[in-house]
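Residues per chain are reported as follows:
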Amino acid sequence: MSTEFNERLPESLGHQAQIWIVGTQEQVNHIISEMYVRQMITDRSQFSPMVPAPFAQGKFMSVLLR
């Protein structure tokens, strides 16, 4: 994991559980919306901003800290 990527996350990862979504921009947005509709999350802002995945060229990711 690069330092640049860690700096983009809104919070320190610490000991919190994480859910990572990796895919195309459309896939990531769809999964976040689906989790909201199914009431798995209360607000889409619980996810970090979508960033390019440092380990998968052409893919994006977002992290949910629970």
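Preceding block: the structure.
In this report, we go over the structure that sits alongside the text. (Residues numbered from 1 in each chain as written. Predicted model: local features only at pLDDT ≥ 70, side-chain atom pairs only at ≥ 80, totals over all residues. Heavy atoms only, no water.)

## Observations regarding the sheet that holds strand E2 (residues 51-52)
To keep it simple, the criterion reads: Whether two strands pair comes down to DSSP finding at least two bridges between them. The helix and strand labels rest on DSSP assignments: H or I over at least four residues marks a helix, E over at least two residues marks a strand, and numbering proceeds from the N terminus.
Spatially, E1-E3-E2 is the arrangement adopted by the three strands of the open sheet, whose pairing is antiparallel. The sheet is open, and its two edges are formed by strand E1 (18-23) and E2, each paired on a single side. Looking at chain direction, E1 and strand E3 (residues 60-65) are connected through six bridges and run antiparallel. Bridging from a neighbouring strand, Val22 pairs with Met61 of E3.

## Description of the pairing of E3
Cut-off, in case you're wondering: A 1.4 Å probe rolled over the protein chains alone gives each residue an accessible area, and that area as a share of the maximum for its type sets the label: buried under 20%, exposed over 50%, partly exposed in between.
Within E3, five of the six residues are buried, which leaves it mostly tucked inside the rest of the structure. Looking at chain direction, E2 and E3 are connected through two bridges and run antiparallel. Looking at E3, one finds that Pro52 is bridged to Phe60.

## What about the environment of Gln46?
Stated precisely, the cut-off is as follows: Contacts: residue pairs with any heavy atoms within 4.5 Å of one another.
Within the fold, Gln46 resides in the loop between helix H2 (25-37) and E2. Owing to a relative accessible area of 33%, Gln46 belongs among the partly exposed residues under this scheme. Each C-alpha atom, one on Gln46 and one on Val63, is 8.5 Å from the other, the two residues being 17 residues apart in sequence. Once residues within four sequence positions are removed from consideration, Gln46 is found in contact with Ile41, Val63, Leu64 and Leu65.

## A closer look at unusual backbone geometry
Most peptide bonds take the trans configuration, and most residues that are not glycine carry a negative phi. Phi is positive for Gln39, close to 60°, though the residue is something other than glycine. When you line up the elements, Gln39 lands in the loop between H2 and E2. Of the residues examined, Gln39 reaches a relative accessible area of 70% and is grouped as exposed.

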